[in-house]
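As a plain string of letters, each chain reads:
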Amino acid sequence: MEYDAIILGGGPGGYSTAIRLGQNGKKALMIEADKVGGECLNYGCIPSKAVIEMADAIAYLKEMPGVSSSVTIDMKKWQEWKWGMINKLTSGVEKLVKSYGGEVVMGRGVIENSRSVKVNNETFSAKNIVIATGSIPSRIKGIDDVYYNKNILDVDHIPKSLIIIGGGYIGVELGTAFAKLGSEVTIIEMMPNILPGTDTDLSRFVDRRMSTLGIKVIVGAKVDRVTKEAGYSVSLSDGNVLKAELVVMTVGRQPNTQGFGLEKINPEMDGKFIKTDKRKRTSVEGVYAVGDVSGQPMLAHKAFYDAEIAADNISGKNAEVDYRAMPFVIYSDPEIATTGIKTDKFNNIPLATNGRALGMNYNQGVFRIYVDNEFVIKGGAFVAPRASELISEISLAVEAGLTSKDLGMTVHPHPTLSEGVKEAAEATYGRSLHYKSSR
Ligand code: NAI
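Draft legend 1. Structural view of the layout of surface pockets. Taken as a whole, the second largest pocket spans an internal volume of roughly 350 Å³. What lines the second largest pocket is a set of 17 residues, among which E63, R209, D333, N361 and Y362 lie closest to the centre. Elements supplying a minimum of two residues to the lining of the second largest pocket: helix 3 (45–63) and helix 7 (200–212). When grouped by side-chain class, the residues that make up the lining of the second largest pocket number 7 nonpolar, 4 polar and 6 charged.

Below, the structure written as structure tokens:
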């Protein structure tokens with residue numbers, strides 16, 4: 001039997017391609033070497049946010065004025081709950097793929113040529129192949145015996161002390177969560193500040209919060225060596241030696257292009273990524289690539305989007321990706337969420353002007369909307385609790401070509417954090433109700 005597409009990888013990119021192909025009436029075969037749901041559902045996005053939620057709940061009560069509480073954490077029980085929750089999610093996804101007529105084979109698929117893939121000693125052929133193999137954590141040469149996101153999210157107890165190498169998305173998210181859970185956390189970042197890709201006037205709120213949580217941040221530092229005996233020793237190039245129970249490496253991720261026969265078809269590359277056009281086609285006819293393996297940003301929601309475009313093209317439609325309103329979220333404290341592009345036309349609305357935030361015992365953060373000279377919304381940046389949930393309003397505004405007046409004149413419920421979005425829209429034309437800007 002010839003499939004319409006064989007999909008290599010069952011993560012967000014792969015399973016979404018399978019679902020959309022099925023919805024389009026096409027026959028898909030999805031091959032997964034480890035677990036359906038991939039890195040995101042099993043070892044990344046979902047479990048990391050679960051641990052962050054637990055940590056936030058504990059810190060929230062602990063810091064609430066007038067409340068005294070003591071909490072004990074049984075991580076073994078929590079892990080059982082976590083895997084139960086994840087298994088529900090991943091088996092739901094697998095059922096969904098199958099409900100649309102898709103087939104799922106567990107095993108390592110290896111490309112034989114642009115129309116066939118071998119798995120578990122059986123060869124399957126298809127009109128198209130979709131590469132959705134994701135990414136793997138970057139490693140530092142010579143430093144091997146450390147934890148990565150996968151093992152730290154699976155611990156059976158809260159480590160007494162934790163050194164995190166790399167102060168990017170994962171380092172900051174996990175460092176903050178484990179500090180709230182009681183670990184003594186040190187983050188080592190080689191650049192001059194943490195979250196180096198993020199504007200410092202946004203990340204400064206996170207910097208400050210990490211410092212009040214007692215997280216030690218060492219910037220501009222290079223790790224020379226990590227040794228493990230009773231616990232870990234981390235030697236920095238300035239001669240300092242730090243000790244901790246666990247060391248986690250979060251120095252970025254790289255596309256997963258090895259070990260599945262990519263060399264047999266030899267598609268054009270873009271650095272370490274497989275190069276694709278806007279229809280997610282590689283340079284090899286009938287071969288598509290989606291998600292992390294196909295370029296930045298390496299985000300699950302970008303993989304979902306790529307998948308829908310690739311599946312529609314395989315189904316005979318003419319669809320192109322347009323990443324102009326791509327949200328980026330860091331689940332730090334407070335959360336940082338951005339979308340679209342920056343302009344120099346904006347006015348900040350401090351979080352401290354939002355009654356709902358104050359009632360939640362939060363006052364550090366900002367709402368900002370970027371417009372052009374005609375007040376058309378081009379992007380936004382929020383530093384606030386649940387900024388992750390608020391940013392989509394700006395993505396929609398960018399996609400729809402709305403102006404800040406459209407958004408400013410939209411009634412937002414009171415009291416909500418979302419009022420900060422409305423106020424930031426009004427601030428672009430000098431009419432914020434609850435804040436008088438000095439700009
Ligand atoms: P990242 O690229 O965000 O950060 C890596 C950090 O490590 C950078 O700040 C870099 O300067 C630093 N670094 C690199 N080499 C170093 C060294 N030798 N010593 C000290 N510091 C060093 O990568 P991260 O945090 O590992 O996350 C990987 C990817 O996973 C992200 O790029 C993102 O796409 C995705 N992700 C997304 C999340 C989200 O959307 N909320 C959450 C977590 C991960």
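After that view of the structure, there is still more to cover.
Draft legend 2. Representation of helix 12 (residues 392–400). All buried positions along helix 12 are accounted for by I394, S395, A397 and V398. Around the axis of helix 12, the buried residues are gathered within 160 degrees of arc, so they sit on the same side. Of the residues in helix 12, the exposed ones pointing more than 90 degrees away from the buried face are L396 and A400. Here the buried face of helix 12 lies against strand 20 (335–340), strand 22 (366–371), strand 23 (377–384), helix 11 (387–390), helix 13 (404–408) and helix 14 (419–427). Positive backbone phi, approximately 70 degrees, marks G401, located one or two places after helix 12.

Draft legend 3. Region of the structure containing the site of the ligand. With respect to spatial proximity, 22 residues lie near the ligand, and among them I170, E189, G252, M298 and V329 are the closest. Here a nitrogen atom of the ligand and a side-chain polar atom of E173 are 3.0 Å apart. Protein chains bury 80% of the 830 Å² of accessible surface belonging to the ligand in isolation. Top contributing element to the shell around the ligand by residue count: helix 6 (residues 169–180), with 4 residues.

Draft legend 4. Geometry of the state of the cysteines. Scanning all chains against the criterion turns up 1 disulfide. Across the disulfide from C40 sits C45; the S-S distance is 2.2 Å. Across the disulfide from C40 to C45, rotation about the S-S bond amounts to roughly -130 degrees, and the bridge is consequently left-handed. On the accessibility criterion, C45 (28% relative accessible area) is partly exposed.

Draft legend 5. Looking closely at the environment of I31. When you line up the elements, I31 lands in strand 2 (residues 28–32). With a relative accessible area of 2%, I31 lands in the buried category. Excluding its chain neighbours within four sequence positions, the residues that come into contact with I31 are I6, I7, L8, G9, G10, V105, G107, G109, V117 and V119.

Draft legend 6. Main features of the domain arrangement of the protein chain. Here the protein chain is described as being made up of domain 1 (2–137 + 254–314), domain 2 (149–251) and domain 3 (328–427). Computed over C-alpha atoms, the centres of domain 2 and domain 3 are 29 Å apart. Facing 15 residues of domain 2, the contacting portion of domain 3 comprises 17 residues. Carbon and sulfur atoms supply 61% of the area buried between domain 2 and domain 3, which totals about 1,300 Å² over both sides. Broken down residue by residue, the surface that domain 2 buries against domain 3 is led by Y169, L202 and F205, which jointly contribute 42%. Connecting domain 2 to domain 3 are 4 salt bridges. A salt bridge links D199 to K342, with the shortest nitrogen-to-oxygen separation between them at 3.0 Å. At the boundary of domain 2 with domain 3, the tally comes to 6 residue pairs in polar contact (both at pLDDT 80 or more). Those elements that provide at least two residues to the side of domain 2 that touches domain 3 are helix 6 and helix 7. With 7 residues, helix 7 is the single largest residue contributor to the side of domain 2 that touches domain 3. Taken together, the residues that form the side of domain 2 that touches domain 3 break down as 6 nonpolar, 3 polar and 6 charged.

Scoring rules and cut-offs
- Residues numbered from 1 in each chain as written.
- Predicted model: local features only at pLDDT ≥ 70, side-chain atom pairs only at ≥ 80, totals over all residues.
- Heavy atoms only, no water.
- 1 Å grid on protein atoms, 1.4 Å probe; cavity = no way out; pocket = protein on both sides within 12 Å on 5 of 7 lines; lining within 4 Å.
- Points joined across faces, edges and corners; volume = space filled by probe spheres on them.
- Helix = DSSP H or I, 4+ residues; strand = E, 2+ residues; numbered from the N terminus.
- Nonpolar A, V, L, I, M, F, W, Y, C, P; charged D, E, K, R; others polar.
- Buried < 20%, exposed > 50% of the residue type's maximum accessible area, 1.4 Å probe, protein only.
- Arc of directions from axis to C-beta.
- Contact = heavy atoms within 4.5 Å.
- Near = heavy atom within 4 Å.
- Polar contact = N/O pair within 3.5 Å; in protein donor to acceptor, adjacent residues only side chain to side chain.
- Areas by Shrake-Rupley, 256 points an atom, 1.4 Å probe, with all protein chains shown as cover.
- Disulfide = S-S within 2.5 Å.
- Domains from an automatic or database assignment.
- Buried area = accessible area lost by both parts, 1.4 Å probe.
- Salt bridge = Lys/Arg side-chain N within 4 Å of Asp/Glu carboxyl O.

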